[in-house]
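Examination of the molecular architecture
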Amino acid sequence: DNLDVVRWRQSLGQNIFALNNSAKFLSENGIHVDYQVLVDARHENKSFLGWADRYLISSQCHPSLFDSVNPADTLLWQPVLPGIEAKDRYIYNTDREHTEIGGGTTVGLSAMCLAYTLGYRKIHLFGYDSSHRENAGHAYNQALNANDPLCYVTFDGKRYKCSIAMAKQAELFPILLEAMLDRGVIVTIDGDGLLPDTMRQQQP
């Protein structure tokens with residue numbers, strides 16, 4: 001729905017962070033991808049690569065992903081997960097400064113934290129609907145998620161079909177948003193669906 005708006009924003013010099021296979025979808029529609037963010041541990045996600053200038057790949061991703069990209073174009077990042085702390089020498093075997101990346105529940109929340117860490121203070125979100133449109137979970141065919149467990153969420157009298165992960169994302173998004181607003185970040189959302197609808201309802 002918003003490809004023309006994304007192209008317009010890119011024409012203004014704004015950088016594009018693509019999540020998972022949306023990098024290919026954007027590239028096929030004439031939109032250059034600056035960063036591609038990946039979190040999921042499945043080796044099948046290797047097929048998502050090849051459509052961005054730089055790759056932000058989580059340490060929990062399958063090793064085959066790292067074998068498929070140029071290390072000079074790749075940033076390895078460590079998500080904050082339960083049980084992992086900065087003092088854990090198995091993870092942080094260095095005295096150099098480092099940043100822990102929060103938002104690890106979904107690639108969408110993690111991408112927001114990565115953008116912030118890289119210095120971005122204005123973040124505009126597309127595709128953060130956190131729900132299905134009829135039977136479609138993505139703007140493009142995404143066979144890897146075809147068998148994701150689904151649930152229904154009701155908000156303000158409207159019923160939304162969601163994957164379990166996306167329902168959780170909609171629940172956690174306000175917490176991350178508040179933290180970002182407290183740090184001077186401007187966050188805006190395009191589109192419709194569970195997450196945008198709940199956020200707009202909360203506007204004063």
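Residues numbered from 1 in each chain as written. Predicted model: local features only at pLDDT ≥ 70, side-chain atom pairs only at ≥ 80, totals over all residues. Heavy atoms only, no water.

Tallied over the full model, the rule gives four salt bridges. Across the salt bridge formed by Asp4 and Arg7, the nearest N and O atoms sit 2.6 Å from each other. Residue Asp4 and its partner Arg7 are located together in helix 1 (residues 3-11), separated by three residues, close to a single helical turn. Here Asp4 falls in the exposed class, since its relative accessible area comes to 60%. Of the charged contacts in the structure, one is a salt bridge between Asp40 and Arg42, with a shortest N-O distance of 3.0 Å. Residue class for Asp40 comes out partly exposed when judged on its relative accessible area of 28%. For Arg42, a relative accessible area of 28% gives the class partly exposed. (Salt bridge = Lys/Arg side-chain N within 4 Å of Asp/Glu carboxyl O. Helix = DSSP H or I, 4+ residues; strand = E, 2+ residues; numbered from the N terminus. Buried < 20%, exposed > 50% of the residue type's maximum accessible area, 1.4 Å probe, protein only.)

Further remarks concern the packing of aromatic side chains. Enumeration over the complete set of coordinates arrives at two aromatic pairs. Arranged with centres 4.6 Å apart and planes meeting at 20°, the rings of Phe17 and Tyr35 form a pair that is stacked. In this pair, Phe17 is assigned in strand 1 (residues 17-19) and Tyr35 in strand 2 (residues 35-38), connecting sequence segments 18 residues apart. Taking 5.3 Å as the distance between ring centres and 90° as the angle between the ring planes, the aromatic pair formed by Phe17 and Tyr120 counts as edge-to-face. Of this pair, Phe17 sits in strand 1 while Tyr120 is found in the loop between helix 4 (107-117) and strand 5 (122-125), placing the two residues 103 residues apart along the sequence. For Tyr120, a relative accessible area of 23% gives the class partly exposed. Put simply, the rings of Phe17, Tyr35 and Tyr120 pair up and form one aromatic cluster. (Phe/Tyr/Trp six-rings, centres within 6.5 Å; stacked < 30°, edge-to-face > 60°.)

Next up on the list: the sheet that holds strand 2. Spatial ordering of the open sheet is given by 1-2-3-4, a layout of four strands whose pairing is parallel. This sheet does not close on itself; its edge strands, each paired only once, are strand 1 and strand 4 (74-77). If you compare each strand with its neighbour and ignore which way they point, the axes differ by 20° on average. (Pairing = 2+ DSSP bridges. Axes fitted to C-alpha atoms, helices over the stretch in contact; angles between N-to-C directions.)

Turning our eyes to something else, we now look at unusual backbone geometry. If you check the backbone angles, Ser130 has positive phi at about 60° while not being a glycine. Taking the relative accessible area as the measure of exposure, Ser130 reaches 1% and is therefore buried. The residue Asp156 is not glycine, and still its phi comes out positive at about 55°. As for its placement among the helices and strands, Asp156 is situated in the loop between strand 6 (150-155) and strand 7 (158-163). Asp156 gets classed as exposed once you look at its relative accessible area, which sits at 60%.

Residues of helix 6 (residues 194-201) that are buried: Leu194, Leu195, Pro196, Thr198 and Met199. Buried residues along helix 6 sit in contact with strand 6, strand 7, helix 5 (164-182) and strand 8 (186-189). (Contact = heavy atoms within 4.5 Å.)

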